[in-house]
Amino acid sequence: MAEKRNIILIGPMGAGKSTIGRQLAQDLHLEFYDSDHEIERRTGADINWVFDVEGEDGFRKRECSVIEELTELQGIVLATGGGAVINKDTRNRISARGIVVYLETTIDKQLARTQKDKRRPLLQKGEPKDTLVRLAEERNPLYEEVADIVVRTDDQSARSVASQIIDQL
Ligand code: S3P
């Protein structure tokens, strides 16, 4: 039987990966997974706790293995965390195991969408805008490297972004 491809969403914090992923899964009648939620489910604690207790390195190890495991599945929509692409093995893994969709947006949109959410440890220290700019410089080339499809999410509804992705599959 032909393998059902996964759809794997990548992009920075506040790009809308979880919201759009859920919409996409609903539209395509696929199962939706979110790597951050899966880490929280497995540890029984939130992402902040994992960063506090195990550090960013501990979180990245969990992220890598959760993504490796979830991409064993077929025909799922997977929203990854914004930093998933910094690991080369994870980049290779998502490229091999799905159609990779990069959700792009502006730093201002990211700021607006992440402002009220306290579950983003990387934005708890320092000026969030400076952090987002620095992360974008480091990571945008990596998102571009693995993307099969690139869609902007600036002022559009999840429904509209999902339908643009579906048109390009
Ligand atoms: C992170 C993004 C977060 C989460 C963690 C680290 C990052 O996910 O994985 O706080 O390194 O950019 P979202 O992109 O879903 O916010």
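Since this is a predicted model, take the numbers as computed values, not measurements. (Residues numbered from 1 in each chain as written. Predicted model: local features only at pLDDT ≥ 70, side-chain atom pairs only at ≥ 80, totals over all residues.)

Enquirer: Before we go on, may I ask you to explain the overall build of the protein chain in this structure?
Expert: In terms of regular secondary structure, the protein chain is built from 7 helices and 5 strands. Listed N to C, the secondary structure of the protein chain is β-α-β-α-α-β-α-β-α-α-β-α in terms of helices and strands. Taking 2.2 N^0.38 as the reference for a compact globule, 169 residues should give roughly 15 Å; the C-alpha atoms of the protein chain span a radius of gyration of 15 Å, in line with that estimate. Projecting the C-alpha coordinates of the protein chain onto the three principal axes gives extents of approximately 50 × 35 × 25 Å. Of all 169 residues assigned to the protein chain, the portion counted as buried reaches 36%. Relative to all contacts within the protein chain whose residues are 6 or more apart in sequence, the contacts with residues 24 or more apart total 76%. (Helix = DSSP H or I, 4+ residues; strand = E, 2+ residues; numbered from the N terminus. Rg over C-alpha atoms; globule rule 2.2 N^0.38 Å. Buried ≥ 20, exposed ≤ 12 C-beta atoms within 10 Å, placed from the backbone. Contact = placed C-beta atoms within 7 Å.)

Enquirer: Can you help me understand the packing of helix α2 (residues 35-43) against helix α3 (residues 47-70) in this one?
Expert: For any two helices packed against each other, the geometry is given by the interaxial angle and the distance between the axes. With their axes 9 Å apart at the nearest point, α2 and α3 run at an angle of 115 degrees to one another. Between α2 and α3, the crossing angle belongs to the class labelled roughly perpendicular. Considering how the two elements wind past one another, α2 and α3 form a crossing that is right-handed. Along the contact surface, α2 presents Ser35, Asp36, Glu38, Ile39, Glu40 and Thr43, while α3 presents Ile47, Val50, Arg62, Glu63, Val66, Ile67 and Leu70. When its residues are assigned to classes, the contact of α2 with α3 shows 6 nonpolar, 2 polar and 5 charged. (Axes fitted to C-alpha atoms, helices over the stretch in contact; angles between N-to-C directions. Parallel < 35°, antiparallel > 145°, perpendicular 65-115°, else oblique. Left-handed = near helix turned anticlockwise from the far one by under 90°. Nonpolar A, V, L, I, M, F, W, Y, C, P; charged D, E, K, R; others polar.)

Enquirer: Even after reading the chapter, I still don't get the UniProt feature "binding site: ATP" (unreviewed entry) in the protein chain, so can you show me in this structure?
Expert: Those residues carrying the UniProt feature "binding site: ATP" (unreviewed entry) are Gly14, Ala15, Gly16, Lys17, Ser18, Thr19, Arg120 and Gln156 in this numbering. Across 143 residues of sequence, these annotated residues are also dispersed in space, with a maximum C-alpha separation of 23.2 Å. Inspection of the secondary structure puts Ala15 in the loop between β1 (6-10) and α1 (17-28). Judged by the 28 C-beta atoms lying within 10 Å of it, Ala15 is buried. Excluding residues that lie within four positions of it along the chain, Ala15 makes contacts with Leu103, Glu104, Thr105, Gln110 and Thr153. With respect to the helices, strands and loops of the structure, Ser18 is situated in helix α1. Setting aside chain neighbours within four positions, we find Ser18 in contact with Asp34 and Ala79. (UniProt positions renumbered as here; feature names shortened; annotations may be inferred.)

Enquirer: Teacher, can you tell me more about the environment of Gln74 here?
Expert: Here Gln74 is to be found in the loop between α3 and β3 (76-79). Owing to 15 C-beta atoms within 10 Å, Gln74 belongs among the partly exposed residues under this scheme.

Enquirer: Would you mind showing me how to read the nonpolar core here?
Expert: In globular proteins that are soluble, nonpolar side chains generally tend to be buried together. Ranked by size, the top nonpolar core spans 32 residues in total, and within it Ile8, Leu9, Ile10, Leu78 and Val101 carry the most contacts. Sorting elements by how many residues they give to this core places α3 first, with 6 residues. Excluding residues within four positions of it along the chain, Ile8 makes contact with Leu78, Thr80, Ile94, Gly98, Ile99, Val100 and Val101. (Core = buried A, V, L, I, M, F, W, Y, C linked by C-beta atoms within 7 Å.)

Enquirer: What's the story with the site of the ligand in this structure? I'm lost.
Expert: If you check the shell around the ligand, you find Met13, Lys17, Asp36, Ile47, Gly81, Gly82, Gly83, Arg120, Pro121 and Leu122 and nothing else. Each residue belonging to the shell around the ligand can be placed in one class, and the counts come to 4 nonpolar, 3 polar and 3 charged. (Near = placed C-beta within 6 Å.)

Enquirer: What is the right way to read the UniProt feature "binding site: substrate" (unreviewed entry) in the protein chain from this model?
Expert: Per the UniProt entry, the sites bearing "binding site: substrate" (unreviewed entry) are Asp36, Arg60, Gly82 and Arg139 in this numbering. Examined against the element boundaries, Arg60 turns out to sit in helix α3. Following the sequence through the fold, Gly82 ends up in the loop between β3 and α4 (88-97). Given 23 C-beta atoms within 10 Å, Gly82 falls into the buried group. Excluding residues within four positions of it along the chain, Gly82 makes contact with Gly11, Pro12 and Met13.

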